[in-house]
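# A structural walkthrough
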Amino acid sequence: MKPCLRPPLALYIHVPLCASKCAYCDFYSLPRSCADLPSQDSLVEALLARTRSALELYLPGPRPSLETLYIGGGTPTALDPAPFHRLLSGLASMVGPCREWTLEANPESLDEAHLDIALEAGVGRISLGVQSLDDSLLRRLGRPADSRTALQALERATARPGLRVSADLIAGLPRSLPLEEEASRLLDAGIEHLSLYDLTIEDATPLAAQVREGR
């Protein structure tokens, strides 16, 4: 009789807040200025309640084990430290040790306080949205952080013992620096993994309007 194999179990949490909306992004998110502290508290409580109900439905029992836990968005580190701590500590109390617990972050909000909270909760990998090291291009894309801020955030993250760090780059952009040079600079900064993906121009975004208008 063949053994019954259970597929790996993964949980994804979407935090729909960002410092600002990038020109190319069509993911659901709200600018951080729209969410005061009570709103962030309500969001975190809703996320934890939904997670709890899903775990009770699909994985009954105390602190089930997961292969991966991924917190993305949006920008999870756009949460203020107190609700950010409640979210991560709440998740840590619900699930057992994960093979990989990844947290997405953007450079402008990955400070020492958020790193302390993430490591205390059990996060093992930070995925940093760099996208480019070309400052003029970052401004055109509506990114709130420049290249210096990105490299400083990487320095903070890679200095933490035991924390793995990855970074994202977007290809298919009219950058002034060669893509290979940007990738090399990120690898030199100490990242262990580089995600490289092509820009997709989504219809309902400011970037799509700029392309249609020839700008």
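The structure under discussion appears in the preceding block.
Residues numbered from 1 in each chain as written. Predicted model: local features only at pLDDT ≥ 70, side-chain atom pairs only at ≥ 80, totals over all residues. Heavy atoms only, no water.

## Brief notes about the overall build of the protein
In terms of helices and strands, the protein carries 7 helices and 8 strands. Taking 2.2 N^0.38 as the reference for a compact globule, 215 residues should give roughly 17 Å; the C-alpha atoms of the protein span a radius of gyration of 18 Å, in line with that estimate. Its C-alpha atoms give the protein principal-axis dimensions of roughly 55 × 45 × 35 Å. A burial count over the protein gives 44% of its 215 residues as buried. Excluding contacts between residues fewer than 6 apart, the proportion of contacts in the protein whose partners are at least 24 apart in sequence is 76%. Carbon and sulfur atoms form 55% of the exposed surface of the protein, whose accessible area is close to 11400 Å². (Helix = DSSP H or I, 4+ residues; strand = E, 2+ residues; numbered from the N terminus. Rg over C-alpha atoms; globule rule 2.2 N^0.38 Å. Buried < 20%, exposed > 50% of the residue type's maximum accessible area, 1.4 Å probe, protein only. Contact = heavy atoms within 4.5 Å. Areas by Shrake-Rupley, 256 points an atom, 1.4 Å probe, with all protein chains shown as cover.)

## Structural notes on helix H5 (residues 147–158)
A rise of 1.5 Å per residue sets the reference length of H5, with its 12 residues, at 16 Å; its end C-alpha atoms lie 16 Å apart and thus fit the reference within 8%. Among the residues making up H5, those that are buried are Ser147, Ala150, Ala153, Leu154 and Ala157. Looking straight down H5, one finds its buried side chains confined to an arc of 125°; they lie on one side. Residues of H5 that are exposed and point more than 90 degrees away from the buried face comprise Arg148 and Glu155. (Expected span 1.5 Å × (residues − 1). Arc of directions from axis to C-beta.)

## Side note on the layout of surface pockets
Where empty space is left becomes clear once a probe the size of a water molecule has been rolled over the atoms. What the largest pocket holds in volume is close to 560 Å³. Around the largest pocket, the lining comprises 29 residues; the ones closest to its centre are Tyr24, Cys25, Phe27, Gln131 and Tyr197. The leading source of residues in the lining of the largest pocket is strand E6 (residues 125–131), at 4 residues. Taken together, the residues that form the lining of the largest pocket break down as 12 nonpolar, 10 polar and 7 charged. Taken as a whole, the second largest pocket spans an internal volume of roughly 260 Å³. In this structure, the second largest pocket is lined by 14 residues; those nearest its centre are Leu11, Tyr12, Ile13, Thr51 and Ala54. Residue assignment for the lining of the second largest pocket shows that the elements contributing at least two residues are strand E1 (10–15) and helix H1 (37–58). For the lining of the second largest pocket, the element with the highest residue contribution is H1, accounting for 6 residues. Residue classes in the lining of the second largest pocket are distributed as 11 nonpolar, 2 polar and 1 charged. (1 Å grid on protein atoms, 1.4 Å probe; cavity = no way out; pocket = protein on both sides within 12 Å on 5 of 7 lines; lining within 4 Å. Points joined across faces, edges and corners; volume = space filled by probe spheres on them. Nonpolar A, V, L, I, M, F, W, Y, C, P; charged D, E, K, R; others polar.)

## Notes on the sheet that holds E6
The parallel open sheet is built from 6 strands, whose spatial order is E1-E4-E5-E6-E7-E8. A single partner strand is all that each edge strand has here, and the edge strands are E1 and strand E8 (193–198). On average, each strand axis in the sheet is tilted by 20° relative to the strand beside it, whichever way the strands run. Relative to strand E7 (residues 164–171), E6 is paired through 6 bridges, and the arrangement is parallel. Its bridge partner being in E7, Arg125 is matched across the sheet by Arg164. Helix-sheet contacts for helix H6 (residues 179–188) involve E6, E7 and E8, and the interaxial angle to E7 is about 170°. (Pairing = 2+ DSSP bridges. Axes fitted to C-alpha atoms, helices over the stretch in contact; angles between N-to-C directions.)

## Examining the nonpolar core
Leu87, Leu88, Trp101 and Val130 are the most contacted members of the largest nonpolar core, which totals 47 residues. Other than its neighbours up to four places away in sequence, Trp101 contacts Leu69, Ile71, Leu88, Leu91, Ala92, Ala121, Gly122, Val123, Gly124 and Arg125. Residues Cys22, Cys25, Leu137 and Leu207 belong to the second largest nonpolar core, which totals 9 residues. (Core = buried A, V, L, I, M, F, W, Y, C linked by side-chain atoms within 4.5 Å.)

## A look at helix H2 (residues 81–94)
For H2, which comprises 14 residues, the first-to-last C-alpha distance of 20 Å matches the rise-based estimate of 20 Å (1.5 Å per residue) to within 8%. Along H2, the residues classified as buried are Pro83, Phe84, Leu87, Leu88, Gly90, Leu91, Ala92 and Met94. Among the structural elements, E1, H1, strand E4 (68–73), strand E5 (100–105) and helix H3 (112–121) are those in contact with the buried residues of H2.

## Some remarks on the pattern of salt bridges
All told, the structure shown has 9 salt bridges when counted by the stated rule. Where Glu67 meets Arg99, a salt bridge forms, and the shortest distance between an N and an O atom there is 3.3 Å. Here the residue Glu67 occupies a position in the loop between H1 and E4, and Arg99 occupies one in the loop between H2 and E5, the gap between them amounting to 32 residues. For Arg160, the salt bridge is made with Asp116, and the minimal N-O distance between the two is 2.9 Å. Taken together, the positions of Arg160 in the loop between H5 and E7 and Asp116 in helix H3 put the pair 44 residues apart, joining distant regions of the chain. Owing to a relative accessible area of 16%, Arg160 belongs among the buried residues under this scheme. Within the structure, one salt-bridge network assembled from shared partners comprises Glu100, Arg125 and Arg164. (Salt bridge = Lys/Arg side-chain N within 4 Å of Asp/Glu carboxyl O.)

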